[in-house]
Protein chains: 2
Amino acid sequence: MSNATQIVEQLGKWAVKAAHELAVCPTETKNKALRAMADALEKRISEIIASNDRDMVAGKEGGLSEAMLDRLKLNEKRVSAMARGLREVATLADPVGEMIKEWTRPNGLRIRKVRVPLGVVGIIFESRPNVTADAASLCLKAGNACILRGGSEAIHSNIAISKILNETAAQNGIPENAVQMVEVTDREVVKAMARADQYLACIIPRGGYGLIRAIQDGATVPVVKHLEGICHVYVDKDADLAMAHKVTINAKCQRPGVCNAIETLLVHRSVAEKFLNPLLKDLIEKKVQVHGDDTVRKLGGSAIVPVTDKDFKTEWLDLIMSIRVVDSLEQAIDHINSFGSHHSDSIITRDAKSATAFLNEVDSATVYHNASTRFTDGGEFGLGAEIGISTDRLHARGPMALEELTTYKYQIFGDGQIRE
Amino acid sequence: MSNATQIVEQLGKWAVKAAHELAVCPTETKNKALRAMADALEKRISEIIASNDRDMVAGKEGGLSEAMLDRLKLNEKRVSAMARGLREVATLADPVGEMIKEWTRPNGLRIRKVRVPLGVVGIIFESRPNVTADAASLCLKAGNACILRGGSEAIHSNIAISKILNETAAQNGIPENAVQMVEVTDREVVKAMARADQYLACIIPRGGYGLIRAIQDGATVPVVKHLEGICHVYVDKDADLAMAHKVTINAKCQRPGVCNAIETLLVHRSVAEKFLNPLLKDLIEKKVQVHGDDTVRKLGGSAIVPVTDKDFKTEWLDLIMSIRVVDSLEQAIDHINSFGSHHSDSIITRDAKSATAFLNEVDSATVYHNASTRFTDGGEFGLGAEIGISTDRLHARGPMALEELTTYKYQIFGDGQIRE
């Protein structure tokens, strides 16, 4: 048995024990613990900052980019934001115990479908250490123990935060080892977690395509994938062009580095000139690099880079955007289903029939009529915090919040029924 | 690219195309097609029987057991049962398009969570050819295309049935290739299916542990496992012993070869003698081989085989049963959580508090109070037909019927909302 497997086995055993007790933990105990955990993060901020300093020094020596260092950096404001997140999770409704359905059979059996925790959830993530607090708090509220495995560059920060959370939880009525961080950065640990189906109910990876593929290869634990967002706005022939302009700029420029920002704009040929002339001007002013097809290049001139199929499959996460002119709604739908990542896509149109076709036929987790794709988010949906946006189809699709961190069981009440 | 991979790629491409059209197929078209498919099975029974004869001859030559040959055999009665199954599925409510939830956000966005098909479902199964019709009809009704891969011993029967179903579906408004059978029995095809995540939304294996492990190793497609049922009845100290007797006999003997029959009986020490004396007599009369602990052996004498931990983890699927006397409810719960397969477990008690503890703390898909475990079944739950009983925690747990063959999407309606 490799060292990595041994580590995961030990954490797994502890976590299963914790999960078993946590599954029947009263809501008020969980909420009180979450509030105490928030207080502890703020009270013990010097420990966190000291550990973060070690990561920052190592990161600078290791040549991390300025953007990476910024994501890694913790300060008072960022620790307060983590604490605020924990307090917010304490205010959310507890999904555990919710009766999803109840019915009685002709033979008198009363069947209840009841929400219960998943068990032990593995979270594998990169860079930002605030994920430790976010993920731990959501798992705890949903009655799950968690095993966290953060990126090597944030290892000291992650250990410090998880230690404070786990200790404070245990002091407040939560079973020991409800929140565990893998303290070695060996990549083998990721593989060992992915094969620990005896202990883990699922793994939620938060990171790039490479990380997710590395986890999935050889995995026997179900993986709920949070892949990239290649999102689209389609401006239909019957669009309100002022609205389309405003939504496109918002969906691309308001925060280009997130998964629900758009990467590609599709425009119906009959409105292309009228819509694109002012839009291209605006995009170029906003320093957006536009990759366009022939029609777009005719309108935009030399500033437009010729677009390729590869571009259409690229998540830029930056002020870069592909634009294609299409001949029909059907072509737009086909394009999105072929090149998109089934995340978030929007149609701008006044025509209800076109909107219905788009909303039914675009095979994405979230489809919009006359709104920006930027609303695909647990908070914006009103679900409270989220652990990520699932691009999978099974179990959870779209924003993954507390409810998606649970499963269900059937409780059946009889008075001696037997099967004939 | 191996031959198996090529085959799966081709079937996958066709299936994705079919699934895309099937997703928006009206309910009445699907129901009409299902009824026509049922008629066609009955009308073309001679084709089916001729193909089945080839399998039976090969099976006899290959030395299949009598029990296996019986499972393989098709006759008029069994083909009629398949047809009846198809007609029943036509009467079930269509899950596609169901509005699961709808709410409006303060910014005016209206969010609808709507049920949609999974896409392409892979079903990998062994022996009984009736699974072809059952699986195909449930997938079709839920708007999914399916790729079926049956066991080699039933290959000619499976091809004949799937051909009739697929042809008849296509003649009745269903897209071509909605029902496809893998026509080669190469085991490599199973591995290729398990890695075809570009096409398949999930794989549902119906078969033993070996088959499921073979699929899961190296799988990138999510697998919804239908593993064994190691189910329990626990007779509490406050049980109605007459009811406990009746339920135990039913749960063990009524149909021992199915997953929801019990394998182990747990009895509280304080009622052991009073309960077990008549029960053991009855079990021995019914030719049940009992494996018991020391207390049971003292009561039952030499007819009782000493029970081992391995027995407690064995799905006998036969008239064999383990019996253990426990000192407390907690010990019973621990036993079930440690040795069981999280399938179906029942407590017999008059004490509501003990029942609640059992129903909350036993970590199984279906938990019963005062009833036989034999009711874990889509039909008995009132869900209509089922594709199997999931022993997984994600997506589907317990009976997997039409609803569990779907996922959801969010459709969001705005009037130009952008994110600030």
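Residues numbered from 1 in each chain as written. Chains lettered and ligands numbered in written order. Predicted model: local features only at pLDDT ≥ 70, side-chain atom pairs only at ≥ 80, totals over all residues. Heavy atoms only, no water.

1. Quick look at the overall build of chain A
Counting secondary structure elements, chain A contains 16 helices and 16 strands. The C-alpha radius of gyration of chain A comes to 24 Å, within 12% of the 22 Å expected for a compact globule of 420 residues. The C-alpha extent of chain A, read off along each of the three principal axes, is 70 × 70 × 40 Å. By residue count, 57% of the 420 residues in chain A fall in the buried class. Taking the contacts inside chain A whose residues are at least 6 apart along the sequence as the reference set, 72% of them involve residues at least 24 apart. For chain A, the distance from the average position of its 52 positive side-chain charges to the average position of its 55 negative side-chain charges is 2 Å. (Helix = DSSP H or I, 4+ residues; strand = E, 2+ residues; numbered from the N terminus. Rg over C-alpha atoms; globule rule 2.2 N^0.38 Å. Buried < 20%, exposed > 50% of the residue type's maximum accessible area, 1.4 Å probe, protein only. Contact = heavy atoms within 4.5 Å. Lys, Arg positive; Asp, Glu negative; His and termini not counted. Charge placed at Lys NZ, Arg CZ, Asp CG, Glu CD.)

2. Overview of the environment of Ser65(B)
All names here are of chain B. Secondary-structure assignment places Ser-65 in the loop between α3 (45-61) and α4 (66-72). What makes Ser-65 partly exposed here is its relative accessible area of 36%. C-alpha of Ser-65 to C-alpha of Asp-311: the two residues are 246 residues apart in sequence and 25 Å apart in space.

3. Some remarks on the packing of helix α5 (residues 76-91) of chain B against helix α6 (residues 130-141) of chain B
Residue and element names in this part refer to chain B. It is at 9 Å that the axes of α5 and α6 come closest, and there the two elements cross at 15 degrees. Classified by the angle their axes make, α5 and α6 are roughly parallel. α6 is crossed by α5, and the crossing has right-handed handedness. Facing Met-82, Leu-86, Val-89, Ala-90 and Thr-91 of α5, the residues of α6 in contact are Asn-130, Ala-133, Ser-137, Leu-138 and Lys-141. The residue makeup of the contact of α5 with α6, split by class, is 6 nonpolar, 3 polar and 1 charged. (Axes fitted to C-alpha atoms, helices over the stretch in contact; angles between N-to-C directions. Parallel < 35°, antiparallel > 145°, perpendicular 65-115°, else oblique. Left-handed = near helix turned anticlockwise from the far one by under 90°. Nonpolar A, V, L, I, M, F, W, Y, C, P; charged D, E, K, R; others polar.)

4. Remarks on the relation of the copies chain B and chain A
Superposing chain B onto chain A takes a rotation of 180 degrees combined with a translation of 0.0 Å along the rotation axis, leaving an RMSD of 0.1 Å. Expressed as an axis order, the relation between the two copies is that of a two-fold axis. Closest approach to the rotation axis within chain B is made by the C-alpha atom of His395(B), at a distance of 1.9 Å. (Least-squares fit on C-alpha atoms with pLDDT ≥ 70 in both.)

5. Points about the interface of chain B and chain A
Taken residue by residue, the interface counts 74 residues in chain B and 74 residues in chain A. For the pair chain B and chain A, the summed buried surface comes to about 6200 Å²; carbon and sulfur atoms form 49% of the total. Taken as a group, Leu394(B), Tyr410(B) and Arg419(B) account for 13% of the area that chain B buries against chain A, more than any other trio of residues on that side. Where chain B touches chain A, the interface holds 8 salt bridges. Note that Glu403(A) is salt-bridged to Lys101(B), the shortest N-O span being 3.2 Å. In this structure, the connection of chain B to chain A is made through 56 residue pairs in polar contact (both at pLDDT 80 or more). Residue assignment for the side of chain B that touches chain A shows that the elements contributing at least two residues are β1 (99-104), β2 (110-117), α9 (209-216), α10 (241-253), α15 (352-361), β13 (366-371), α16 (378-381) and β16 (406-417) of chain B. Among the elements that line the side of chain B that touches chain A, the one with the most residues is β16(B), at 11 residues. (Buried area = accessible area lost by both parts, 1.4 Å probe. Salt bridge = Lys/Arg side-chain N within 4 Å of Asp/Glu carboxyl O. Polar contact = N/O pair within 3.5 Å; in protein donor to acceptor, adjacent residues only side chain to side chain.)

6. Overview of the side chain of Thr406(B)
Residues and elements named next belong to chain B. For Thr-406, the position within the fold is in strand β16. A polar contact is formed between the side chain of Thr-406 and the side chain of Arg-115, at a distance of 3.3 Å. For Thr-406, the residues in contact, after removing those within four places along its chain, are Pro-95, Arg-115, Val-116, Pro-117, Leu-118, Ala-142 and His-395.

7. Comments concerning the sheet that holds strand β13 (residues 366-371) of chain A
If you walk across this open sheet you meet the 10 strands as β10(A)-β9(A)-β11(A)-β8(A)-β7(A)-β12(A)-β13(A)-β16(B)-β2(B)-β1(B), and the pairing is mixed. A single partner strand is all that each edge strand has here, and the edge strands are β10 (305-306) of chain A together with β1 of chain B. Of the pairings in the sheet, the one linking β13(A) to β16(B) comprises 5 bridges and is parallel in character. Bridge assignment links Thr366(A) to a residue of β16(B), and that residue is Tyr410(B). (Pairing = 2+ DSSP bridges.)

8. A short note on the pairing of strand β1 (residues 99-104) of chain A
Residues and elements named next belong to chain A. Here 5 bridges tie β1 to strand β2 (residues 110-117), and the two strands are oriented antiparallel to one another. Each bridged residue has a counterpart across the sheet, and for Thr-104 the counterpart in β2 is Arg-110. Once β1 ends, the chain turns through 5 residues before running back antiparallel as β2, passing Gly-108 with a positive phi of about 95 degrees.

9. Digging into the domain arrangement of chain A
Considered domain by domain, chain A is made up of domain 1 (3-225 + 396-413) and domain 2 (231-375). Relative placement of domain 1 of chain A and domain 2 of chain A: their C-alpha centres are 36 Å apart. (Domains from an automatic or database assignment.)

10. Some remarks on the pattern of salt bridges
With the rule as written, the count across this model stands at 48 salt bridges over all chains. The closest approach of N and O atoms between Arg110(A) and Glu102(A), which form a salt bridge, is 2.8 Å. As a salt-bridge pair, Glu403(B) and Arg115(B) come within 3.4 Å of each other at their nearest N and O atoms. Of this pair, Glu403(B) sits in the loop between β15 (398-400) and β16 while Arg115(B) sits in strand β2, and the two are 288 residues apart along the sequence. The network of salt bridges with shared partners includes Arg44(A), Glu47(A), Lys163(A) and Glu167(A).

11. Looking at the sheet that holds strand β5 (residues 179-181) of chain A
Residue and element names in this part refer to chain A. Pairing within the open sheet is parallel, and its 4 strands lie in the order β5-β4-β3-β6. A strand with exactly one partner marks an edge of an open sheet, and here the two such strands are β5 and β6 (202-206). With direction set aside, neighbouring strand axes in the sheet form an average angle of 20 degrees. Bridge count between strand β3 (residues 120-125) and strand β4 (residues 145-149): 5 bridges; the pairing is parallel.

12. Looking at the confidence of the model for chain A
For chain A, per-residue confidence averages 95 on the pLDDT scale, and residues scoring 70 or more make up 100% of the total. Confidence estimates for the predicted assembly give a pTM of 0.93 and an ipTM of 0.94. (pLDDT = per-residue confidence, 0-100.)

13. Quick notes on the packing of aromatic side chains
Counted by the stated rule, this structure contains 10 aromatic pairs over all chains. Taking 5.7 Å as the distance between ring centres and 75 degrees as the angle between the ring planes, the aromatic pair formed by Tyr408(A) and Tyr410(A) counts as edge-to-face. Put simply, the rings of Trp103(A), Tyr408(A), Tyr410(A) and Phe381(B) pair up and form one aromatic cluster. The ring of Phe413(A) carries the charged tip of Arg110(A) above its face, separated from the ring centre by 4.4 Å. If you follow Lys113(A) out to its NZ or CZ, it ends over the ring of Tyr408(A), 4.3 Å from the centre. (Phe/Tyr/Trp six-rings, centres within 6.5 Å; stacked < 30°, edge-to-face > 60°. Lys NZ or Arg CZ within 6 Å of the ring centre and 35° of its normal.)

14. Notes on unusual backbone geometry
Despite not being glycine, His342(A) has its phi angle at roughly 60 degrees, a positive value. Looking at where His342(A) falls in the secondary structure, it is placed in the loop between α14 (329-339) and β12 (344-348). A positive phi angle, near 70 degrees, is found at His395(B), a position not held by glycine. Relative to the helices and strands, His395(B) is located in the loop between β14 (388-390) and β15. With relative accessibility at 14%, the residue His395(B) sits in the buried group.

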